[in-house]
Amino acid sequence: MSTLFDFAPLWRSAIGFDHLFDMLEQAMKSEDPVQYPPYNIERTKEGAYRLTLAVAGWRPDEITVTAEPNALVVSGEKAEPKGVYYLYRGIPAAAFERRFHLADYVQVREARIANGLLTIDLVHEAPEALKPRRIPIVNGSAPQAIEPKQAA
């Protein structure tokens, strides 16, 4: 199923969102054939998220969680047990890699594994310079000269 959205009207009025539109277009075009491991994404509170992956049978030393710029990569690789002959193997043991795109300033706080679930806590923390601030209004009719701040 191919559902393409025309972003042209947004391009006319949005500046600096190129990567967002590219990411949306790519997400709409590609279907993720990888179904393992299954996962949940939840919002735990304002600006905080939790990613939970079902990794039953995996040890912490077999899983790698990597934070990259604007991405989180969770991968796993198992060593094949020696001297084991499986009649049937239904528990997944193949290597996997899951990639998650992260918004700017989303950081990984913690990763833990318990009861077959890998839980990764993330938080969105914008720098102080990007947070809204109130601008004082001065009383006066003539424009004031603007002087640059001196570096300390």
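Quick caveat, the model's predicted, so the values are computed rather than measured.

### Thoughts on the sheet that holds strand β5 (residues 96-101)
Thinking step 1. The three strands lie next to each other as β3-β4-β5, forming an open sheet whose pairing is antiparallel. The two strands at the open ends of the sheet, each matched to only one other strand, are β3 (63-68) and β5. In this sheet, adjacent strand axes meet at a mean angle of 15 degrees when their direction is disregarded.
Thinking step 2. Of the strand pairs in this sheet, strand β4 (residues 71-76) and β5 are connected by six bridges, and their pairing is antiparallel. In the strand pairing of β5, Leu-72 is matched with Phe-100.

### So, the pairing of strand β1 (residues 39-45)
Thinking step 1. A small share of β1 lies buried, amounting to zero of its seven residues.
Thinking step 2. As defined by bridge partners, β1 adjoins strand β2 (residues 48-54) across six bridges and the pair is classed as antiparallel. Directly across from Ile-41, in β2, lies its bridge partner Leu-51.
Thinking step 3. Between β1 and β2, which follow one another and run antiparallel, lie two residues, and Gly-47 among them has a positive phi close to 80 degrees.

### As for the sheet that holds β1
Backbone-to-backbone hydrogen bonds pair the strands of a sheet. The strands run either parallel or antiparallel.
Thinking step 1. Spatially, β1-β2-β7-β6 is the arrangement adopted by the four strands of the open sheet, whose pairing is antiparallel. Each end of this open sheet is capped by a strand with a single partner; those strands are β1 and β6 (106-114). Pairwise comparison of adjacent strand axes, ignoring direction, gives a mean angle of 20 degrees for this sheet.
Thinking step 2. As paired strands, β6 and strand β7 (residues 117-124) are joined by eight bridges and run antiparallel to one another. If you follow Ile-113 over to β7, its bridge partner there is Leu-118.

### Some details on unusual backbone geometry
Thinking step 1. Backbone torsion omega between Tyr-36 and Pro-37 reads -5 degrees, so that peptide bond is classified as cis.
Thinking step 2. When you line up the elements, Pro-37 lands in the loop between α2 (18-29) and β1.
Thinking step 3. Of note in the backbone geometry, Tyr-105 takes a positive phi value of approximately 70 degrees without being a glycine.
Thinking step 4. When its relative accessible area of 40% is taken as the criterion, Tyr-105 is described as partly exposed.

### Here we look at the nonpolar core
Thinking step 1. The biggest cluster of nonpolar side chains holds 15 residues, and the ones touching the most others in it are Leu-72, Val-74 and Ile-120.
Thinking step 2. Listing elements by their share of this core, those giving two or more residues are β2, β4, β5 and β7.
Thinking step 3. Per-element accounting of this core gives the leading share, three residues, to β7.

### Some remarks on the pattern of salt bridges
Thinking step 1. Applying the stated criterion across every chain yields a total of 11 salt bridges.
Thinking step 2. For the salt bridge of Arg-59 with Asp-61, the shortest nitrogen-to-oxygen distance reads 3.1 Å.
Thinking step 3. Taking the relative accessible area as the measure of exposure, Arg-59 reaches 46% and is therefore partly exposed.
Thinking step 4. Connected via shared salt-bridge partners are Arg-50, Glu-110, Arg-112 and Asp-121.

What counts, and at which threshold
Residues numbered from 1 in each chain as written. Predicted model: local features only at pLDDT ≥ 70, side-chain atom pairs only at ≥ 80, totals over all residues. Heavy atoms only, no water. Pairing = 2+ DSSP bridges. Helix = DSSP H or I, 4+ residues; strand = E, 2+ residues; numbered from the N terminus. Axes fitted to C-alpha atoms, helices over the stretch in contact; angles between N-to-C directions. Buried < 20%, exposed > 50% of the residue type's maximum accessible area, 1.4 Å probe, protein only. Core = buried A, V, L, I, M, F, W, Y, C linked by side-chain atoms within 4.5 Å. Salt bridge = Lys/Arg side-chain N within 4 Å of Asp/Glu carboxyl O.

That is the geometry; function is a separate question.
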